[in-house]
Amino acid sequence: ARHHLAAARHLVTERIAALGMSGSGKTYFATKLAEEMLEAGAQIFAIDPVGVWWGLRVGRDGHSRGYSIYIFGGEKADFPITPKSGALAAEVIVTRGISAVLDISDFTLGEQTTFIIDFAERLWSLKKQHKSALHGFWEECHMFIPERVAQEPKAATMLNRVERLIRVGRNRGIGTTMVSQFPQSINKRCLNNAQVVFAFAAGAKHERKAIGDWFDSNVAGTDGAFDWNEQLPKLPTGECIVASPRILRTIRIA
């Protein structure tokens, strides 16, 4: 148990990616990682455009209370939010030191963009003075850091603000987990900054290529020799390849 808590504390300010097709286990893994961090006393937030992260509040038996984390927005909200609440949400998280799920699943894409721009801008500003460790989970992160930006000024602004948190946020105590079923659609400047990748099953060619490109560039000793195209489609649900510059192994997420 002490080993798990120490590992969770170490990961709070790291840049992590959990990638794989729908149903492969990546979101389950990300919520388990969030639980480990909460167990270790770390502060987290989760940006949730799909409405599933409220499950952190539910115990393992499905009935008892889970973790002490506030839910902003969505069906299970403790506090309602609007598309204009992004800056306020960041201020509450930072100044009060709470962990929170920001459920923006009821917003339109345009409303999500407005919320995320304000949230990311205010979070960046506040963390200049409050540099305690904070880890952000970005569910379906390709929505916020896309490889191809729509011809619309707000989309480019959103990418800029979130990218800044991911790429240099560690200087202000901010770590990141990027979760996506479309790794090929994640902005490569952000994905290439991941220090650890948990790769779950990926069937489509473009998905495998995006994951394989990261592995071949970052994992020592592969030099393109490991056949990611062969390995990734065969992974059963809940099993992943975890890789970093020093690690390459297959694990099962309990």
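Let me sum up the structure you'll find in this document.

### Some thoughts on the side chain of Arg 172
Mapped onto the fold, Arg 172 is located in the loop between α5 (153-168) and β6 (174-180). Within polar-contact distance, the side chain of Arg 172 engages the backbone oxygen of Trp 124 at 2.6 Å. In this structure, Arg 172 is in contact with Trp 124, Ser 125, Lys 127, Lys 128, His 130, Lys 131 and Ser 132, ignoring residues within four places of it in sequence.

### Focus: helix α2 (residues 26-39)
If you check α2, its first and last C-alpha atoms are 20 Å apart, about what 14 residues at 1.5 Å a residue would give, namely 20 Å. Counting buried positions along α2 gives 10 out of 14 residues, so the element sits mostly inside the fold. Turning to α2, its buried residues are Lys 26, Phe 29, Ala 30, Thr 31, Lys 32, Leu 33, Ala 34, Glu 35, Met 37 and Leu 38. Taken from the residues just after α2, Gly 41 is the one with a positive phi, measuring 85 degrees.

### Some remarks on the packing of helix α3 (residues 86-96) against helix α4 (residues 109-126)
Two elements in contact, α3 and α4, have axes separated by 7 Å at closest approach and are oriented at 35 degrees. Here α3 runs over α4; the crossing is right-handed. Taken together, the residues of α4 that come into contact with α3 (itself represented by Gly 86, Ala 87, Ala 89, Ala 90, Glu 91, Ile 93 and Val 94) are Phe 115, Asp 118, Phe 119, Arg 122, Leu 123 and Leu 126. Its residues assigned to classes, the contact of α3 with α4 comprises 9 nonpolar, 1 polar and 3 charged.

### Section: the packing of aromatic side chains
Summed over the entire model, instances satisfying the criterion amount to 11 aromatic pairs. On the basis of an interplanar angle of 35 degrees and a centroid distance of 4.3 Å, the ring pair of Phe 29 and Phe 198 is categorised as tilted. Linking Phe 29 in helix α2 with Phe 198 in strand β7 (residues 196-199), this pair joins segments that are 169 residues apart in sequence. For Phe 29, a relative accessible area of 7% translates into the label buried. Ring geometry for Phe 115 against Phe 119: centres 6.3 Å apart, planes inclined by 5 degrees, an arrangement best described as stacked. Highlighted residues: Phe 115 and Phe 119, both in helix α4, separated by 4 residues, approximately one helical turn. Three or more aromatic residues joined by ring pairs form one cluster here, namely Phe 45, Phe 107, Phe 115, Phe 119, Trp 138 and Phe 144. Above the face of the Trp 54 ring, Lys 76 is positioned so that its terminal group lies 4.8 Å from the ring centre.

### Structural notes on unusual backbone geometry
A positive phi angle, near 50 degrees, is found at Glu 140, a position not held by glycine. Within the fold, Glu 140 resides in the loop between β5 (134-138) and α5.

### So, the nonpolar core
Ranked by internal contacts, the top residues of the largest apolar core, which has 53 residues, are Phe 119 and Phe 215. For this core, the leading source of residues is α4, giving 8 residues. Of all hydrophobic cores here, the second largest spans 27 residues; its members include Leu 11, Ile 69, Val 179 and Val 242.

### Here we look at the pattern of salt bridges
Inspection of every chain in the model, using the stated rule, returns 10 salt bridges. Between Arg 189 and Glu 163 there is a salt bridge; the shortest N-O distance is 2.8 Å. Taken together, the residues Arg 189 in helix α6 (residues 188-191) and Glu 163 in helix α5 connect sequence positions 26 residues apart. In this structure, Lys 209 engages Asp 213 in a salt bridge whose closest nitrogen and oxygen atoms are separated by 2.8 Å. Here Asp 213 and Lys 209 lie together in helix α7 (residues 205-218), a separation of 4 residues that amounts to about one turn. According to the relative accessible area criterion, Lys 209 is exposed, its value standing at 51%. Three or more residues are tied together by salt bridges with common partners; here these are Glu 121, Arg 161 and Arg 164.

### Comments concerning the pairing of strand β2 (residues 44-48)
Counting buried positions along β2 yields 5 of 5 residues, so the element is predominantly enclosed. Residues Ile 44, Ala 46 and Asp 48 point to one face of β2 and Phe 45 and Ile 47 to the other, with burial holding for every one of them. In this sheet, β5 lies alongside β2 in parallel orientation, the contact comprising 4 bridges. When the sheet's bridge partners are listed, Phe 45 is paired in β5 with Gly 136. Strand direction decides the pairing type here: β2 and strand β4 (residues 100-103), joined by 4 bridges, are parallel.

Cut-offs and rules
- Residues numbered from 1 in each chain as written.
- Predicted model: local features only at pLDDT ≥ 70, side-chain atom pairs only at ≥ 80, totals over all residues.
- Heavy atoms only, no water.
- Helix = DSSP H or I, 4+ residues; strand = E, 2+ residues; numbered from the N terminus.
- Polar contact = N/O pair within 3.5 Å; in protein donor to acceptor, adjacent residues only side chain to side chain.
- Contact = heavy atoms within 4.5 Å.
- Expected span 1.5 Å × (residues − 1).
- Buried < 20%, exposed > 50% of the residue type's maximum accessible area, 1.4 Å probe, protein only.
- Axes fitted to C-alpha atoms, helices over the stretch in contact; angles between N-to-C directions.
- Left-handed = near helix turned anticlockwise from the far one by under 90°.
- Nonpolar A, V, L, I, M, F, W, Y, C, P; charged D, E, K, R; others polar.
- Phe/Tyr/Trp six-rings, centres within 6.5 Å; stacked < 30°, edge-to-face > 60°.
- Lys NZ or Arg CZ within 6 Å of the ring centre and 35° of its normal.
- Core = buried A, V, L, I, M, F, W, Y, C linked by side-chain atoms within 4.5 Å.
- Salt bridge = Lys/Arg side-chain N within 4 Å of Asp/Glu carboxyl O.
- Pairing = 2+ DSSP bridges.

Everything listed here is a matter of coordinates, which is why it stays silent on function.
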